[in-house]
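These are the residues of each chain, in order.
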Amino acid sequence: MPSLNVTFTEDEMEGVRAAAAAEGKSLKQYMHDLGVREMQRKRFVVGAASWADRLRAEFDEAFPDEIPPSQRAGGVSAAR
């Protein structure tokens, strides 16, 4: 498998090293796990969005006064 070179600033690298140490991992293992977690997160988000889309009509029927975030004015975060 080909290797990948990634460039970080000194400040970024310091943060990455600290995060790896906090998890008790080598830098190499931490970076590997980070990539794997990101792939899993993306899969989860796609699945969650699909699940929400399937239930949207049922939710809209059960909560007719709820205003979807995309239709809220001025950052309102709750139903009016």
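Now for a look at the structure at hand.

A closer look at the overall build of the protein
Then step 1. When its secondary structure is counted, the protein shows two helices and zero strands.
Then step 2. In terms of overall dimensions, the protein is more spread out than a globule: its C-alpha atoms have a radius of gyration of 21 Å, far above the 12 Å expected for 80 residues.
Then step 3. Overall size of the protein, expressed as C-alpha extent along the three principal axes, is 50 × 30 × 25 Å.
Then step 4. Taken across its 80 residues, the protein has 9% of its residues classed as buried.

A closer look at the packing of helix α1 (residues 10-22) against helix α2 (residues 27-62)
Then step 1. Relative orientation of the contacting elements α1 and α2 amounts to 90°, with a least axis distance of 9 Å. Between α1 and α2, the interaxial angle falls into the category roughly perpendicular. Of the residues in α2, those in contact with M13, V16, R17, A19 and A20 of α1 are L27, Y30 and M31.
Then step 2. Taken together, the residues of the contact of α1 with α2 break down into seven nonpolar, no polar and one charged.

Quick word on the side chain of D33
Then step 1. Relative to the helices and strands, D33 is located in helix α2.
Then step 2. Polar contacts involving the side chain of D33 include one to the side chain of H32, which spans 3.1 Å.

Here's the deal with the pattern of salt bridges
Then step 1. Overall, the coordinates contain five salt bridges when judged by the stated rule.
Then step 2. For E23, the salt bridge goes to K25, with nearest N and O atoms at 3.3 Å.
Then step 3. A relative accessible area of 39% means that E23 is categorised as partly exposed.
Then step 4. Taking the shortest distance from any N to any O, the salt bridge between R37 and E23 comes out at 3.8 Å. With R37 in helix α2 and E23 in the loop between α1 and α2, the pair connects residues that are 14 residues apart, well separated along the chain.
Then step 5. With a relative accessible area of 32%, R37 lands in the partly exposed category.
Then step 6. One salt-bridge network, held together by shared partners, links E23, K25, D33 and R37.

Criteria and cut-off values
Residues numbered from 1 in each chain as written. Predicted model: local features only at pLDDT ≥ 70, side-chain atom pairs only at ≥ 80, totals over all residues. Heavy atoms only, no water. Helix = DSSP H or I, 4+ residues; strand = E, 2+ residues; numbered from the N terminus. Rg over C-alpha atoms; globule rule 2.2 N^0.38 Å. Buried < 20%, exposed > 50% of the residue type's maximum accessible area, 1.4 Å probe, protein only. Axes fitted to C-alpha atoms, helices over the stretch in contact; angles between N-to-C directions. Parallel < 35°, antiparallel > 145°, perpendicular 65-115°, else oblique. Contact = heavy atoms within 4.5 Å. Nonpolar A, V, L, I, M, F, W, Y, C, P; charged D, E, K, R; others polar. Polar contact = N/O pair within 3.5 Å; in protein donor to acceptor, adjacent residues only side chain to side chain. Salt bridge = Lys/Arg side-chain N within 4 Å of Asp/Glu carboxyl O.

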